[in-house]
Amino acid sequence: MLSDLQHLELDIPIEVIWDFIRDENNWAPLVPGYIQHEKINDRQICWEFKSDLGVMKKKVSLLIDIKEWNEPARVSFELKRSNEKYLGEGYFEAKALNRNKTRVTGFLEINASGPMGTLANSLFKKALQKSDEEVASVISSKLEEFHRR
């Protein structure tokens, strides 16, 4: 099992952040390896991306199953593989520090199981560590661009 927690403080009002988060078309393409996504309903998004984990290159389909949508404070979700196997969970939280500044927290926990689970967890860990700062930077840049509209 591996987990990752990210904190960002952005000079952007919390309402602008939620306008951005509300539409998955704004943020889904920002994840490294993104290929495409499809909104199944208000609570589920199917997400396809390519994983490049050294010697293994693979197309991965994940189902994001939203468990809680408590705007403007928290969204929690589960990740499942396309065969409905539980893969992990996470959340996104936003807290207004003042009218124009927001602390954003993101958490993701991956727990791959089965015979390949140990290898998969190890590979996911490398991929997460490599992309954390990149994703945080891209999302904050995109949010700032969105805010200026």
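Described in the following lines is the structure provided in the data block. (Residues numbered from 1 in each chain as written. Predicted model: local features only at pLDDT ≥ 70, side-chain atom pairs only at ≥ 80, totals over all residues. Heavy atoms only, no water.)

1. Looking at the overall build of the protein chain
Looking only at helices and strands, one finds three helices and seven strands in the protein chain. By residue count, 38% of the 149 residues in the protein chain fall in the buried class. Once local pairs closer than 6 in sequence are excluded, the contacts in the protein chain between residues at least 24 apart make up 43%. Accessible area of the protein chain: about 9000 Å², with a carbon and sulfur share of 51%. (Helix = DSSP H or I, 4+ residues; strand = E, 2+ residues; numbered from the N terminus. Buried < 20%, exposed > 50% of the residue type's maximum accessible area, 1.4 Å probe, protein only. Contact = heavy atoms within 4.5 Å. Areas by Shrake-Rupley, 256 points an atom, 1.4 Å probe, with all protein chains shown as cover.)

2. Focus on the environment of E78
If you trace the backbone, E78 turns up in strand β5 (residues 74–81). Ignoring sequence-local partners within four residues, the contact set of E78 consists of L63, I64, D65, K67, Y86, G88 and E89.

3. Quick word on the pairing of β5
Both β5 and strand β6 (residues 86–98) contribute to a ladder of seven bridges, which runs antiparallel. The residue of β6 that forms the bridge with V75 is F92. (Pairing = 2+ DSSP bridges.)

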